[in-house]
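Residues per chain, in single letters:
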Amino acid sequence: MFKKKSFFSVLLNMANHITLCIWLLFFFISIISLAKSETYIIHMDFSAMPKAFSSHHNWYLTTLSSVSDSSTNYKDFLSSKLVYSYTNAIHGFSASLSPSELEAIKNSPGYVSSIKDISVKIDTTHTSQFLGLNSESGVWPTSEYGKDIIIGLVDTGIWPESKSYSDDGISEVPSRWKGECESGTEFNSSLCNKKLIGARYFNKGLLANNPNLNISMNSARDTDGHGTHTSSTAAGSYVEGASYFGYATGTAIGIAPKAHVAMYKALWEEGVYLSDVLAAIDQAITDGVDVLSLSLGIDAIPLHEDPVAIAAFAALEKGIFVSTSAGNEGPYYETLHNGTPWVLTVAAGTVDREFIGTLTLGNGVSVTGLSLYPGNSSSSESSIVYVECQDDKELQKNAHKFVVCLDKNDSVGEHVYNVRNSKVAGAVFITNTTDLEFYLQSEFPAVFLNLQEGDKVLEYIKSNSAPKGKLEFQVTHIGAKRAPEVATYSSRGPSPSCPSILKPDLMAPGALILASWPQQSPVTDVTSGKLFSNFNIISGTSMSCPHASGVAALLKGAHPEWSPAAIRSAMMTTSSALDNTQSPIRDIGSRNAAATPLAMGAGHIDPNKALDPGLIYDATPQDYVNLLCALNFTSKQIKTITRSSSYTCSNPSLDLNYPSFIGFFNGNSRESDPKRIQEFKRTVTNLQDGTSVYTANLTPMGKFKVSVVPEKLVFKEKYEKLSYKLRIEGPIVMDDNVVYGSLSWVETGGKYVVRSPIVATSIKVDPLTGHN
């Protein structure tokens, strides 16, 4: 039998239901509000922080709390809402904000400015956005994203199952294509499609030198990862949801995403031989590639003995653009390979993306630093202790704790090595060193703090009897200043093989680049074992080269009539010498001093400007032969390079029509020494319709006197050619090894600025010409 409810009970139940409904209404309103939130980067005036706050992190949390749409102060909620605090690049933070919260932030004390944080929508390598590529204007839509262009790569092979080689939306294979998809171990010809249109492998030279060698993967399949990474960087298709263990999450895309890919495997884990490389390039030329990307090189070989240089000349004659890597032997002078005059030589730079780790101390204060630790995104709280990390015994005493290492004398590399061989739970490295690229992907939980953030950690440890901390990872920051910078490892000129041509030519993204990776090849090791991923983050001029290759493919698609020299000229003369703070690009390998053209060439590549350069410096195969003749190569050596006797030495000239200048000056030259004056002749071709006028603008070069005759070029029609002379007069004694400046031809109205770097140096280069 049911008991009859009283009228009061009914009212009470109704009130409870109404309260619940009101609570649910506010809850859903809150959820809807959150759904409209977007991530923003907020710049703050650090000097405006009230003295009551112990850290900027707490100030930012309080600021967020004061503007929150929520009527309740959910501190834990706000902590998660704060993406992270910036300490190095900018003063400020990133947070998920509703429109009303963003407007309230703008009225908060200390607010400077805000931008939408594109990190939630970025492409994986991020380099396409960093290079200014977009679907609305510029070289992407003009070239139809590289449609119908074929990029060939000589590398370690390819992983065809990667989604980067999906042919959705890719045009049919060009009828001129003569290549094939070669079957082999674990590789069937059916794995090719409209994106991956060719896959061959070359190891006869390897086997000839090692007759009893058993090749583990005798096919074009990639077991190393390098070839998959470079080819997907140059021309990878769209892949959504790509990341490296939570870092750089977004949509993967190559520089020329609708171009076709052909892989020529000539680099083997069992060994690499020049004969195989030469055969691969030759086959690529025969097959009909438009762009050849070579993330490889040979050191200390004269041009006529360098198979890459020789095969590249053959490619040049066929109108094939060849892009090569500068090498990873920097920051020392004369370490560059691929200094061949008829190829593009690419240096490596950083991008405006940082990978962040956070250390939260027991007192609730959080500090942020750099980290690419690929293991668990968060650690459990552990004891944290300061240790002299150069002392192995001290590290062993503190096993299973977080150790704090203070770099007092550029010893961070030694600290990382010692910690790696210990049994500590994790490490916090405090260092003033900015060259941390190869330490970030640690095998153990680690974060790298600057001195300012590190002082907070040291003070906390000093003032607490039982200090504790917790590490968190997998945060990506877009928009870091300053970028780009020249990577330390990027090889420098002058070129030993051809010092009269300034190399490298330009710089492209090469530091911590995310691209596709073979699914069965480990990307890294951590203490728990090997880790596997469809994408990997690696660095080197091997990564910068395919970026330039992709840009060349876009330009060739937009301007099929351009010669390889014209494409290179457009890329060089429109490159930027300034970073994203509009200051001169810095060189990490020279303690962040301004980068010289011997490190970065003409500057950082700008694809959209290269689409319409105004003027170009063009050159024919005979022009390169004229240079070889002037360098006193023998007829036999020249024939080795050209493979023909049809070229003559009737007009030898060191004045190759190149978009850069380098002059060598004896530091001890006498007053009457004629070598104190060097002259260069150049010819430029007008690409604009009708009349156009360009005026010379020279930057100062210290004690060097630089002049141009004539100072004005007046073009009357498209494709008209005009010449000028540049003269460099040097002092009796150079104060520095390298002095540099630039010549810019500025079009009336300022639409076009055609810039060429100028270098004067006393570096004594022993040319590897090998001539008699």
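Rules of the game
- Residues numbered from 1 in each chain as written.
- Predicted model: local features only at pLDDT ≥ 70, side-chain atom pairs only at ≥ 80, totals over all residues.
- Heavy atoms only, no water.
- UniProt positions renumbered as here; feature names shortened; annotations may be inferred.
- Helix = DSSP H or I, 4+ residues; strand = E, 2+ residues; numbered from the N terminus.
- Buried < 20%, exposed > 50% of the residue type's maximum accessible area, 1.4 Å probe, protein only.
- Contact = heavy atoms within 4.5 Å.
- Areas by Shrake-Rupley, 256 points an atom, 1.4 Å probe, with all protein chains shown as cover.
- Pairing = 2+ DSSP bridges.
- Salt bridge = Lys/Arg side-chain N within 4 Å of Asp/Glu carboxyl O.
- Polar contact = N/O pair within 3.5 Å; in protein donor to acceptor, adjacent residues only side chain to side chain.
- Axes fitted to C-alpha atoms, helices over the stretch in contact; angles between N-to-C directions.
- Phe/Tyr/Trp six-rings, centres within 6.5 Å; stacked < 30°, edge-to-face > 60°.
- Nonpolar A, V, L, I, M, F, W, Y, C, P; charged D, E, K, R; others polar.
- pLDDT = per-residue confidence, 0-100.
- Core = buried A, V, L, I, M, F, W, Y, C linked by side-chain atoms within 4.5 Å.
- Arc of directions from axis to C-beta.
- Disulfide = S-S within 2.5 Å.

Labelled according to an unreviewed UniProt entry, the chain appears under the name Subtilisin-like protease, originating from Nicotiana sylvestris. The UniProt entry for the chain carries this comment under Sequence similarities (unreviewed entry): "Belongs to the peptidase S8 family." Under the UniProt heading Subcellular location (unreviewed entry), the entry covering the chain gives this text: "Secreted".

S.K.: Describe the overall build of the chain, listing the residues and the values that go with them.
M.R.: Across its full length, the chain holds 19 helices and 36 strands. When burial is assessed residue by residue, the chain has 56% of its 772 residues classed as buried. In the chain, 74% of the contacts between residues at least 6 apart in sequence involve partners at least 24 apart. For the chain, the accessible surface area stands at approximately 32200 Å², while carbon and sulfur atoms represent 52% of it.

S.K.: Give a detailed account of the sheet that holds strand S34 (residues 721–729), specifying residues and quantitative values.
M.R.: In space, the four strands of this open sheet follow the order S28-S30-S34-S32, with antiparallel pairing throughout. The outermost strands of the open sheet, each flanked by one partner alone, are strand S28 (615–616) and strand S32 (705–709).

S.K.: Give me the lowdown on the pattern of salt bridges, citing residues and values where you can.
M.R.: Taken as a whole and assessed by the stated rule, the structure comprises 21 salt bridges. Between Glu 443 and Arg 420 there is a salt bridge; the shortest N-O distance is 3.8 Å. With Glu 443 in the loop between strand S17 (426–430) and strand S18 (446–449) and Arg 420 in helix H12 (residues 412–420), this pair connects stretches of sequence that are 23 residues apart. On the accessibility criterion, Glu 443 (32% relative accessible area) is partly exposed. We note a salt bridge from Glu 679 to Arg 727, for which the minimum N-O separation is 3.3 Å.

S.K.: Please give an account of the pairing of S34 that cites residues and values.
M.R.: With nine bridges joining them, strand S30 (residues 677–686) and S34 adopt antiparallel strand pairing. Its bridge partner lying in S34, Thr 685 is registered against Lys 721. Relative to S34, S32 runs antiparallel, the two sharing five bridges. Of the residues in S34, the one forming a bridge with Lys 705 is Glu 729.

S.K.: Please give an account of the environment of Thr 249 that cites residues and values.
M.R.: With respect to the helices and strands, Thr 249 occurs in strand S8 (residues 247–252). A residue is classified by how much of its surface remains accessible, and Thr 249, at 42% relative accessible area, is partly exposed. Along the sequence, Thr 249 and Gln 474 sit 225 residues apart, while their C-alpha atoms lie 9.5 Å from each other. At 3.3 Å, the side chain of Thr 249 and the backbone oxygen of Gly 246 are in polar contact.

S.K.: Let's hear about the sheet that holds strand S31 (residues 692–698): which residues, and what values?
M.R.: Ordered in space as S29-S36-S35-S31-S33, the five strands form an open sheet in which the pairing is mixed. With partners counted over all chains shown, the strands left at the sheet margins are strand S29 (661–664) and strand S33 (712–715), one partner each. Neighbour-to-neighbour, the strand axes of this sheet turn through a mean angle of 20 degrees, independent of strand direction. Relative to strand S35 (residues 738–747), S31 runs antiparallel, the two sharing five bridges. Counted as the bridge partner of Leu 698 is Leu 743 from S35.

S.K.: Any chance you could break down helix H8 (residues 226–235) for me, citing the residues and the numbers?
M.R.: Where burial is concerned, most of H8 is hidden: ten out of the ten residues are buried. Every buried residue of H8 is listed here: His 226, Gly 227, Thr 228, His 229, Thr 230, Ser 231, Ser 232, Thr 233, Ala 234 and Ala 235.

S.K.: So what's going on with the packing of aromatic side chains? Which residues, and what values?
M.R.: Applying the stated criterion to the full structure yields 18 aromatic pairs. Where Tyr 244 meets Phe 245, the ring centres are 4.9 Å apart and the plane angle is 80 degrees; that geometry is what we call edge-to-face. Relative to Tyr 247, the ring of Tyr 244 lies with its centre 6.5 Å away and its plane at 35 degrees, an arrangement referred to as tilted. As far as burial versus exposure is concerned, Tyr 244 and Tyr 247 are alike and both buried.

S.K.: Outline the packing of helix H10 (residues 307–317) against helix H19 (residues 635–642), listing residues and values.
M.R.: At a minimum axis separation of 7 Å, H10 and H19 run at an interaxial angle of 65 degrees. Two secondary-structure elements touch here, H10 through Ile 310, Phe 313 and Glu 317 and H19 through Thr 640, Ile 641 and Thr 642. In the contact of H10 with H19, the residues fall into three nonpolar, two polar and one charged.

S.K.: Give a detailed account of the confidence of the model for the chain, specifying residues and quantitative values.
M.R.: In this model, the chain carries an average pLDDT of 88, and 88% of its residues clear a pLDDT of 70 or more. Counting interchain partners and residues more than four positions distant, the pLDDT-below-50 stretch residues 1–12 has two contacts. Confidence drops under a pLDDT of 50 for residues 117–125, and excluding neighbours within four residues, the segment shows 35 contacts in the predicted structure.

S.K.: Please give an account of the nonpolar core that cites residues and values.
M.R.: For soluble globular proteins, the rule of thumb is that nonpolar side chains tend to be buried together. Among the nonpolar cores identified, the biggest contains 98 residues, and Ile 151, Val 154, Tyr 264, Leu 292, Trp 342 and Met 571 are the most heavily contacted of them. The element best represented in this core is H10, accounting for nine residues. Discounting chain neighbours no more than four positions away, the residues touching Tyr 264 are Gly 152, Leu 153, Val 154, Asp 155, Trp 177, Arg 200, Phe 202, Ala 280, Gln 283, Ala 284, Asp 287 and Val 289. Among the nonpolar cores identified, the runner-up in size contains 54 residues, and Leu 372, Cys 389, Val 412 and Ala 427 belong to it.

S.K.: Please provide a residue-by-residue account of H12, values included.
M.R.: Taken together, the buried positions of H12 are occupied by Val 412, His 415, Val 416, Asn 418 and Val 419. End-on, the buried residues of H12 take up no more than an arc of 165 degrees, which puts them together on one face. Where H12 is buried, its residues touch helix H11 (392–397), strand S16 (402–406), S17 and S18.

S.K.: Let's hear about the environment of Ile 758: which residues, and what values?
M.R.: Locating Ile 758 in the fold gives a position in strand S36 (residues 753–761). Ile 758 sits 18 residues away from Tyr 740 along the chain, and the two C-alpha atoms are 5.4 Å apart. Aside from chain neighbours lying at most four places away, what touches Ile 758 is Phe 661, Leu 698, Met 701, Val 706, Leu 726, Ile 728, Val 739, Tyr 740, Gly 741, Ser 742 and Leu 743.

S.K.: Just give me the short version of the state of the cysteines, but keep the residues and values in it.
M.R.: Enumeration over the complete set of coordinates arrives at three disulfides. Each sulfur in the disulfide pair Cys 389 and Cys 405 lies 1.9 Å from the other. The chirality of the disulfide connecting Cys 389 with Cys 405 is left-handed, given an S-S dihedral of about -75 degrees. With Cys 389 in the loop between strand S15 (382–386) and H11 and Cys 405 in strand S16, this pair connects stretches of sequence that are 16 residues apart. Two residues share a disulfide in this structure: Cys 629 and Cys 649, whose sulfurs sit 1.8 Å from each other. Measuring the twist about the S-S bond at about -80 degrees, one finds the Cys 629-Cys 649 disulfide to be left-handed. Here the residue Cys 629 occupies a position in helix H18 (residues 621–630), and Cys 649 occupies one in the loop between H19 and S29, the gap between them amounting to 20 residues. Residue Cys 629 is classed as buried on the basis of its relative accessible area, which comes to 8%. Numbered by position along the chain, the disulfide-linked cysteines of the chain connect as 1-2, 3-4, 5-6.

S.K.: Kindly report on the environment of Leu 726, identifying the contributing residues and their values.
M.R.: Among the secondary structure elements, Leu 726 is positioned in strand S34. With a relative accessible area of 0%, Leu 726 lands in the buried category. Distance from Leu 726 to Phe 680, taken between C-alpha atoms, is 5.1 Å for residues 46 residues apart in sequence. Beyond its immediate stretch of four places on either side in the chain, Leu 726 contacts Phe 661, Gln 678, Glu 679, Phe 680, Leu 698, Val 706, Ser 707, Val 708, Leu 743 and Ile 758.

S.K.: Give me the pairing of S31: which residues, what numbers.
M.R.: Bridging between S31 and S33 involves four bridges; their strand directions are antiparallel. Counterpart to Tyr 694 in the pairing with S33 is Leu 713.

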